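Summary of the model geometry
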Amino acid sequence: MIQIKSLSHTITDTPILQDINLELPQGQITALIGPNGAGKSTLLNAIGRQIEVAHGTVTLDGSDITQIAPRDLARQMAVVAQHLAVGSRIRVADLVGFGRWPHSQGRTTPTDQTIIEQAIEEFDLIALRHRFLDELSGGQRQRAFIAMAYAQDTCWLLLDEPLNNLDLKHARTLMAQLRRMVEHAGKSVVIVLHDLNYTLSWADHVVAMCDGKVVFTGPAAQVATAQSLTDLYETPIQISTVEGQVFARYHR
Amino acid sequence: MADRRVFFLTFAVLTAAAVFLLWGNAWQSSYVLKLRAVKLGGLICVGLSVGIATVLFQTLSNNRVLTPSIMGFDALFLLMKTVVVFVSVGLSLPPVSAAAGFLADTAVMIAATLVVFVLVLRRTRQDIQLLILVGVIIGLLFRTLAGFLQRLLDPSEFAMVQADMFAQFGGIDAQALLIASLLLTLLFVWLWRSHRVLDVMALGRDPARALGLPFDQLQLQLLAAIAVLVSVSTALVGPLAFLGLLVTALTHSLMQSHHHALLLPGAGLIACLVLIAGQTLFERVLHLESSLAVVIEFCGGLLFLILLAKGKIK
Ligand SMILES: Nc1ncnc2c1ncn2[C@@H]1O[C@H](COP(=O)(O)OP(=O)(O)OP(=O)(O)O)[C@@H](O)[C@H]1O
Ligand SMILES: [Mg+2]
């Protein structure tokens, strides 16, 4: 379980996160939702220790993440950022291979190789494996980065808007993969989502943020109501059930 | 990761070194041989330093068209030399031995660059791109300051500084060379042991940190290593700007890899090859002793621009 206690973050005196208190349940998909600039990415980066926060603590299974050695943390948490880029000019298979770094420090073992192959297959990258990253489409690149995090084989997977560039098929496949990982491999997923329909159909738990604060949080089925979402996004949102599937209407 | 290309390059460098040493029946005179050995050692030290420093700098900056000289390392060197002449003439200090001078040069360069790096990086939240920009500006400042001080010198004193303004491969001191090669050996051992870490660092700060690398600490260590390498080569022969660019461009097109296990030895060896072959050609065939640095800089710059225009550098 990840526990966040009175977490605050400021960038040059502008408060970005204000007194966040949260528990992220283990073995579930937690959706982080909220309008642009709400602080979702910042919170995700604070949890993954990508940024150092000024106040408050994040604990992973009871231990403060600032006390965990970076390499050990990277074996427990994988982060896929919102803006993806790497400096070196590398191929897809090499990028995925870097996911094994926290485990083997670059001395790839046969086990690593098996996991890398599995990740490449899982995210539909076989045909792209020898392509350079800067010669891919946005969605293909996104999948390569997710495959890298998958290869990291961590208990926690933190994903910042992974559906951003994905087409319908790959978006749906990704959510199904995450579901499978949660259910069969005991993983926990924290995912920033903008599409409410994906949140409603796949997430177990919801954390809604606005202006650097948590507005509401709880099991998706209970807290994600038409009223609460309308207030959160300041946009009329209707929720209907069609053939047992909950979905949100907000496009017009 | 033994690679045929690295073996081939090593072989080429050894051949060039043998030709350089033994050209014109030099084995008959131990005096000539000794002179040439010192010069060869200098060329090798400088080649390895420049090649490897440029690879490291490009790894940190994620940019294949930059060299450490953009950060004003050579400007700092010039300023230091000018100040030394200025002060020692003013106080009429006795001249120091070449080895002591070399040690002092290197120490000052390393200390000064580290102070600048630590201060700037702390202020800019570890942003290397900003550090480079600050480096460019500081370099300009140093150049201007050095220029100003040089104007205050009289012509004979200015001649002492002028000798340091351009790279020169003659007159390398044997003792300074010994110190340099010890320093470099230690550094290369350390770098070789971290070549896999360098591969991850090349991904950039965020991806590297996400993989559990203490990036900021490593970045500072690498900058220190670059400062040592540039200082050694600059203190031995003087500033060289384009050699590094030329060498890394050639290395990337030969190695086609992001692995530092190939890039580091590749760049070091190619730089040695260029310097040794160039020196042999100029000294023995064309009898133009002093123009190697100028020609390398000119051809290096030109070839680099051609490679860039053809899209060979990515
Ligand atoms: N480096 C920065 N400097 C100053 N302000 C920043 C910086 N990074 C983020 N912010 C501000 O912090 C707030 C939260 O940003 P964050 O990226 O966490 O939002 P978000 O919820 O992820 O938004 P989005 O849905 O657009 O991705 C925003 O108001 C943003 O303008
Ligand atoms: Mg965001």
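Analysis parameters
Residues numbered from 1 in each chain as written. Chains lettered and ligands numbered in written order. Predicted model: local features only at pLDDT ≥ 70, side-chain atom pairs only at ≥ 80, totals over all residues. Heavy atoms only, no water. Helix = DSSP H or I, 4+ residues; strand = E, 2+ residues; numbered from the N terminus. Rg over C-alpha atoms; globule rule 2.2 N^0.38 Å. Buried < 20%, exposed > 50% of the residue type's maximum accessible area, 1.4 Å probe, protein only. Contact = heavy atoms within 4.5 Å. Areas by Shrake-Rupley, 256 points an atom, 1.4 Å probe, with all protein chains shown as cover. Pairing = 2+ DSSP bridges. Near = heavy atom within 4 Å. Polar contact = N/O pair within 3.5 Å; in protein donor to acceptor, adjacent residues only side chain to side chain. Nonpolar A, V, L, I, M, F, W, Y, C, P; charged D, E, K, R; others polar. Donors = N, O, S within 2.8 Å, 3.2 Å for Na, K, Ca; no water. Axes fitted to C-alpha atoms, helices over the stretch in contact; angles between N-to-C directions. pLDDT = per-residue confidence, 0-100. UniProt positions renumbered as here; feature names shortened; annotations may be inferred. Patch = residues over 30% accessible without salt bridge, like charges linked within 9 Å, V, L, I, M, F, W, Y side chains within 5 Å. Salt bridge = Lys/Arg side-chain N within 4 Å of Asp/Glu carboxyl O. Buried area = accessible area lost by both parts, 1.4 Å probe. Disulfide = S-S within 2.5 Å. Parallel < 35°, antiparallel > 145°, perpendicular 65-115°, else oblique. Left-handed = near helix turned anticlockwise from the far one by under 90°.

Helices and strands together make up the secondary structure of chain A, namely 10 helices and 12 strands. Against the compact-globule benchmark of 18 Å for 252 residues, chain A has a radius of gyration of 18 Å, which places it among compact chains. Expressed as lengths along the three principal axes of its C-alpha atoms, the size of chain A is roughly 50 × 45 × 35 Å. By residue count, 51% of the 252 residues in chain A fall in the buried class. Excluding contacts between residues fewer than 6 apart, the proportion of contacts in chain A whose partners are at least 24 apart in sequence is 64%. As displayed, chain A has an accessible area near 11,600 Å², and 49% of this comes from carbon and sulfur atoms.

Residue and element names in this part refer to chain A. Taken across its five residues, strand β3 (residues 29-33) has five buried, putting it largely inside the fold. Residues of β3 alternate between two faces, with I29, A31 and I33 on one and T30 and L32 on the opposite face, all of them buried. Pairing analysis gives four bridges linking β3 to strand β9 (residues 205-210), with the strands arranged parallel. Directly across from I33, in β9, lies its bridge partner A208.

A few words on the site of ligand 1. Residues and elements named next belong to chain A. Around ligand 1 sit 13 residues in total, of which G37, G39, K40, S41 and T42 are the nearest. Within the side chain of Q82, a nitrogen or oxygen atom sits 3.0 Å from an oxygen atom of ligand 1. One of the side-chain nitrogen or oxygen atoms of H194 is found 3.0 Å away from an oxygen atom of ligand 1. When the free accessible area of ligand 1 is taken as 640 Å², the share hidden by the protein chains comes to 59%. Residue contributions to the shell around ligand 1 peak at three residues, all from helix α1 (residues 40-47). Considering only residue class, the shell around ligand 1 consists of four nonpolar, seven polar and two charged.

Below, the discussion takes up the coordination of the magnesium ion (ligand 2). All names here are of chain A. Around the magnesium ion (ligand 2), the protein contributes the donor atoms S41 (OG) and Q82 (OE1), at 1.9 to 2.1 Å from the metal centre. Here the residue S41 occupies a position in helix α1, and Q82 occupies one in the loop between β6 (77-80) and α3 (92-98), the gap between them amounting to 41 residues. Classification of Q82 by relative accessible area gives partly exposed; the value is 27%.

With that out of the way, let us pick up the sheet that holds β6(A). Consider a sheet: its strands pair through backbone hydrogen bonds, and that pairing is either parallel or antiparallel. Residue and element names in this part refer to chain A. Spatially, six strands are ordered β6-β7-β8-β3-β9-β10 in an open sheet, and the strand pairing comes out mixed. A strand with exactly one partner marks an edge of an open sheet, and here the two such strands are β6 and β10 (213-219). On average, adjacent strands in this sheet sit at an angle of 15° to one another, irrespective of strand direction. As paired strands, strand β7 (residues 156-160) and strand β8 (residues 188-192) are joined by five bridges and run parallel to one another. Each bridged residue has a counterpart across the sheet, and for L157 the counterpart in β8 is V189. Most of the contacts of α1 go to β7, to which it runs at about 155°, and overall it touches β3, β6, β7, β8 and β9. Against the sheet, helix α10 (residues 226-233) makes contact with β3, β9 and β10, and its axis sits at roughly 155° relative to β10, the strand it touches most.

Let us look at the sheet that holds strand β1 (residues 2-11) of chain A. Residues and elements named next belong to chain A. Read across the sheet, four strands follow the order β2-β1-β4-β5 without closing on themselves; strand pairing throughout is antiparallel. Strands with a single pairing partner mark the edges of an open sheet, and in this sheet they are β2 (14-24) and β5 (63-64). For β1 and β2, the ladder comprises seven bridges, and the chain directions are antiparallel. Among the inter-strand pairings, I2 is bridged to a residue of β2, identified as L24.

Residue and element names in this part refer to chain B. Scored by pLDDT, chain B comes out at a mean of 82, with 93% of its residues at no less than 70. Averaged over each element, pLDDT in chain B is lowest for helix α6 (residues 155-165) (73) and highest for helix α8 (residues 195-201) (93). Interface confidence for the predicted complex, given as ipTM, is 0.88, next to a pTM of 0.87.

On to the UniProt feature "domain: ABC transporter" (unreviewed entry) in chain A, then. Within the UniProt annotation, "domain: ABC transporter" (unreviewed entry) is assigned to residues 2-236 of chain A. Along residues 2-236 of chain A, the helical share is 37% and the strand share 26%, with 33 Å between the first and last C-alpha atoms.

A few words now on a nonpolar patch on the surface. Residues and elements named next belong to chain B. On the surface, V83, F86, V87, L91, L141, L145, F148 and L152 cluster together to form a nonpolar patch covering roughly 710 Å² of accessible area. The element best represented in the nonpolar patch is helix α5 (residues 128-152), accounting for four residues. Assignment of secondary structure puts F86 in helix α3 (residues 73-90).

All right, on to the interface of chain A and chain B then. Every contact between the two is made by 26 residues of chain A and, on the other side, 19 residues of chain B. Summed over both partners, the interface of chain A with chain B buries about 1,900 Å², with 59% contributed by carbon and sulfur atoms. Linking chain A with chain B are one salt bridge, by the criterion used here. When the shortest N-O distance is used, the salt bridge between E52(A) and R209(B) registers 4.0 Å.

All names here are of chain B. For the structure shown, the criterion picks out zero disulfides over all chains. C45 carries a free sulfur, and the closest cysteine sulfur to it, the one in C272, is 8.6 Å from it. Residue classification places C45 among the buried positions, given a relative accessible area of 7%.

Residues and elements named next belong to chain A. For the structure on display, the rule yields 12 salt bridges over all chains. Residues E135 and R89 are paired through a salt bridge, measuring 2.8 Å at the closest nitrogen-oxygen approach. In this pair, E135 sits in the loop between α5 (110-122) and α6 (138-151) while R89 sits in the loop between β6 and α3, placing the two residues 46 residues apart along the sequence. We classify R89 as buried; its relative accessible area is 18%. A network of salt bridges, in which partner residues are shared, links R89, D134 and E135.

This part is about the packing of helix α1 (residues 4-22) of chain B against helix α12 (residues 260-285) of chain B. All names here are of chain B. In contact at an axis separation of 9 Å, α1 and α12 are set at 25° when each is read in the N-to-C sense. The angle between the axes of α1 and α12 places the two elements in the roughly parallel class. In the crossing of α1 with α12, the sense of the turn from one axis to the other is left-handed. Between α1 and α12, the residues in contact are R5, V6, L9, T10, A12, V13, A16, A17, V19 and F20 and L262, P265, G266, L269, I270, C272, L273, I276, Q279, T280, E283 and R284, respectively. A breakdown of the residues in the contact of α1 with α12 according to their chemical character gives 15 nonpolar, four polar and three charged.

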